[in-house]
Structures are given as C-alpha cells and as structure tokens.
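# An overview of the molecular structure
In case you want the letters, here they are:
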Amino acid sequence: MKSDTNTRPAVLQVIPDLNTGGAERTTVDVAAALVAKGWRAVVVSEGGRLVPELEALGAKHIILPVKSKNPLTILANSRRLKQVALAENISLIHARSRAPAWSALMAARGLGLPFVTTYHGIYKQKGALKSWYNSVMARGDCVIANSRYTADLIATRHEFARGKITVIYRGSDIAALAPEAVTPERRAALAGAWGVDGSRPILLQLARLTGWKGQKVLIAAMAELKARGAALPLAIIAGDDQGRSGYLAELKAQIADAGLEGCVRLVGHCADVPAALALSSLSVVASTEPEAFGRAAVEAQAARVPVIVSDLGAVPETVLAPPEVSEAERTGWRVPPGDAQALADAIAGVLTLAPDARTALVERAQGHVARHFTVEAMCASTLEVYAGLLGRRTE
C-alpha cells in the first residue's frame, strides 16, 4: 500500500530566505493553499522569521544555503535539491529567485519534473552575462509574472519565454487588512512601541531600507513641507535595514540635518502591518525604480488608507489615477519618482481632503483591490498552474 507521502502531490518552493518581502509572503500563502487542498507543501530556504508560521500551517521547511550566488554552491545546491525532491517525492519545483532558480532548474530537469518560476522583481540587466543570469527566471515550463508590466518586460528581455508567461497578481489578505479586523489592543501595542500618542496624523512608509525604496525622497518631502510652514504629520519609516547600516546612518543624518527628529521616525521592521495601517492617515510608496508589483500600495488601499505612489512600473495597474481614469475613479495619487516637491504637494493635498471625499476615495480603493488583488485569487490561479502541469484538477 502506498504511503500518504507517495500519493499526495507535493510542490517544492525554493526561495533564498523567509524574512520579509512580497516573494516571501507569497511563498507562505501558496504553501497554505496547497495544504488546504490536501497537497503537500515543502519550502527550501536559509530560514527566517516566517518559518514558524509556515510550519504551523502544515508545510515542511528545509534549510539549505540557497541564498548563495557562488557558482560552486549553486551547483552543489542542485544536487541537494535533487535529494530533497527524491526524499519528499516532489511532483513540481517552483523557484522564486535567481540564484536558487539555477539550482532548482538543474534539479528539475535532472529528475524530469515540471519547473515553474515567478518573476517577482525588476532585475537589473546590464550586459550579456547579467542577461543570461536573469534568464533563469524565464526558463520555467510556466513563467508567472506578478503584473502585466512584468509580463511585458519578460517578453521583451527573453523572447524564448513568449507563450509560457501567465500574469498572476500578488494577492493580499483583504479581510485581515480591513481596519475593523485590527483590535484596539493591537493598535495600542503598536502605538506604544512607536511612541505615538495620536496627536497628529501618521504618514507611513512600509519598505525595507534600501536606496531605491525612496526613504530619502520622503524625508526631503517632509523637509519641503517644513520649509513651507505646513503642519507636519508624523512620518513613520518602517522597514528592516537588512544589514545596510551605512544607509540607515545616512537616513538618520538626513533627518537630523533637516531638523526633523520629532517628525520622522525610523522604527525598524514592522510585524503587524494591518495595525500599522490602522494607525495611519496616509501611506507613501516613494520608490525611485520600477516596482514589479507594489504590495505596499495594494495593502494600503485594502486597509482604506489613502496612498501616494511613484508613477512607474506596475503602479498604473494597482493605483488608479488620472489621466488613465476619471477623477471619480481615482483610488490614489501618483507622483514623478524622486520628486520631493511633488510628493510634498500630494501629502499636503491628501491631509486636507474633506471627510466625505476621503471616505469615497478609500471605499473605491478597497473595492479595486478586492476585485483584483486577493490572496484567494492569487493562490487559486497558482494552483491551477500546478494542476495544469501535473495533469490534475484542483477541485
């Protein structure tokens, strides 16, 4: 008699680590959907803060050095992943980042298993070698793009992938992000941790601390508002520096030089995003390079928080604004990337919105994300990809 391990289909997801970010959150969400369907979910990574959650939902986590870009380690990891796949009777391998994707590709091809990739980011591509390195993310039997913008980029960069690309938007837990889902205790706990008293509106930027996420642009916009004599919100910059101590020091110096110590706070990693949004009057996504999707903007809209985003990348798909739609269909504001004055103008405008206009805006925004960007839709579409490659039905 075959064991349960041998009879249930199993999907192996491979990702560098499970600390923070859209790809990491998606990995856990898809693992949960697999378990709920009665399939087995196995994840290989170097570990991280999301591992306990992953294991609690019934998935298996295996630690391997898949974050390394060393060619010898990548080659060794291909053998290790083969061993994992054989031991776990894996049916399909899904890679979510470039270095581990090369190992996963070799393992999948060596075992004759279906191979899926998700193009989560806008990978920098300068020169033939970098183009070849990036190309692994387009070598799946199915290549998942997290936006139409990303799909067009893949097709332009990797002609051979045309016909294998499918768009599956990153999904968010709309119910969990709704302000009514956040208890007063959670709000109070986070407010206490941040040292905020509710005396002025909170402007929130949720992003890991790295230059292209635009923290310096937001600080410059706050300095611009101060120079205008405007009433300043409290800007909370929440994000892990992931070891970028030099960049963190630069942000602190910029805040001090602008005399904004009482108006801009760097609070580190935020584990309770719904509570953070529930405390906020405005969310800002100030990226200076294209976002492949832009999870922070979607989560703000789901939480009924007005959002201002840099107008580049997939933003026109996630945040609706003129001229693509009418003013009556607006769900947020888009400003030129890196333009601190334009960002300051938008912040001032949002904070002075009439209550009825604000209510209408956030209700439109929540409806927009509920129609297009739910975790349920993302997981269902991803499992359909798996089932199609395995010749199975998801029902």
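Residues numbered from 1 in each chain as written. Predicted model: local features only at pLDDT ≥ 70, side-chain atom pairs only at ≥ 80, totals over all residues. Heavy atoms only, no water.

A few words now on the pattern of salt bridges. Enumeration according to the criterion identifies 20 salt bridges in this entry. Linking Arg 295 and Glu 299 is a salt bridge whose minimum nitrogen-to-oxygen distance equals 3.6 Å. Separated by four residues within a single helix, Arg 295 and Glu 299 lie in helix α13 (residues 295–302), roughly one turn from each other. On the basis of relative accessible area, Arg 295 is assigned to the partly exposed category, the value being 24%. Within this structure, Arg 25, Asp 29, Glu 53 and Arg 170 form a network of salt bridges that share partners. (Salt bridge = Lys/Arg side-chain N within 4 Å of Asp/Glu carboxyl O. Helix = DSSP H or I, 4+ residues; strand = E, 2+ residues; numbered from the N terminus. Buried < 20%, exposed > 50% of the residue type's maximum accessible area, 1.4 Å probe, protein only.)

The element strand β8 (residues 202–206) is largely enclosed, with a buried count of five among its five residues. In β8, alternate side chains face the same way, and those of Ile 202, Leu 204 and Leu 206 on one face and Leu 203 and Gln 205 on the other are all buried. One ladder, built from five bridges, connects β8 with strand β9 (residues 234–238); its direction is parallel. In the strand pairing of β9, Leu 206 is matched with Ala 238. As paired strands, β8 and strand β11 (residues 282–285) are joined by two bridges and run parallel to one another. What sits directly across from Leu 203, in β11, is Leu 282. (Pairing = 2+ DSSP bridges.)

Helix length check: helix α10 (residues 215–227) (13 residues) gives 19 Å between terminal C-alpha atoms against 18 Å at 1.5 Å per residue, within 8%. Among all positions in α10, only Gln 215, Val 217, Leu 218, Ile 219, Ala 221, Met 222 and Leu 225 are buried. On the buried face of α10, the contacting elements are β8, β9, α11 (245–257), β10 (264–268), β11 and α15 (340–351). After α10 finishes, the residue Gly 229 shows a positive phi value of roughly 80°. (Expected span 1.5 Å × (residues − 1). Contact = heavy atoms within 4.5 Å.)

Taken in spatial order, the six strands of this open sheet run β10-β9-β8-β11-β12-β13, and their pairing is parallel. Two strands lie at the open edges of the sheet, namely β10 and β13 (333–335), each paired on one side alone. Strand-to-strand twist across the sheet, computed as the mean angle between neighbouring axes with direction ignored, equals 25°. Packing against the sheet, α13 makes contact with β8, β11 and β12 (307–310), and its axis sits at approximately 165° to β12. (Axes fitted to C-alpha atoms, helices over the stretch in contact; angles between N-to-C directions.)

Another aspect to go through is the pairing of β11. Residues of β11 alternate between two faces, with Leu 282 and Val 284 on one and Ser 283 and Val 285 on the opposite face, all of them buried. As paired strands, β11 and β12 are joined by three bridges and run parallel to one another. When the sheet's bridge partners are listed, Val 285 is paired in β12 with Val 309. The handedness of the β11 to β12 crossover, carried by α13, is right-handed. (Right-handed = clockwise from strand over helix to strand, strands pointing away.)

All right, on to the UniProt feature "domain: Glycosyltransferase subfamily 4-like N-terminal" (unreviewed entry) in the protein then. UniProt tags residues 21–174 as "domain: Glycosyltransferase subfamily 4-like N-terminal" (unreviewed entry). Across residues 21–174, the secondary structure splits into 45% helix and 17% strand, with the terminal C-alpha atoms separated by 17 Å. (UniProt positions renumbered as here; feature names shortened; annotations may be inferred.)

Packing of helix α4 (residues 71–87) against helix α5 (residues 98–111) leaves a shortest axis separation of 8 Å and a crossing angle of 50°. As the angle between them shows, α4 and α5 are arranged oblique. Of the two elements, α4 crosses α5, and the hand of that crossing is right-handed. Contacts between α4 and α5 involve Ile 74, Leu 75, Asn 77, Ser 78, Leu 81, Lys 82, Ala 85 and Leu 86 from the former and Ala 99, Pro 100, Trp 102, Ser 103, Ala 104, Met 106, Ala 107, Gly 110 and Leu 111 from the latter. Among the residues making up the contact of α4 with α5, the classes are represented as twelve nonpolar, four polar and one charged. (Parallel < 35°, antiparallel > 145°, perpendicular 65-115°, else oblique. Left-handed = near helix turned anticlockwise from the far one by under 90°. Nonpolar A, V, L, I, M, F, W, Y, C, P; charged D, E, K, R; others polar.)

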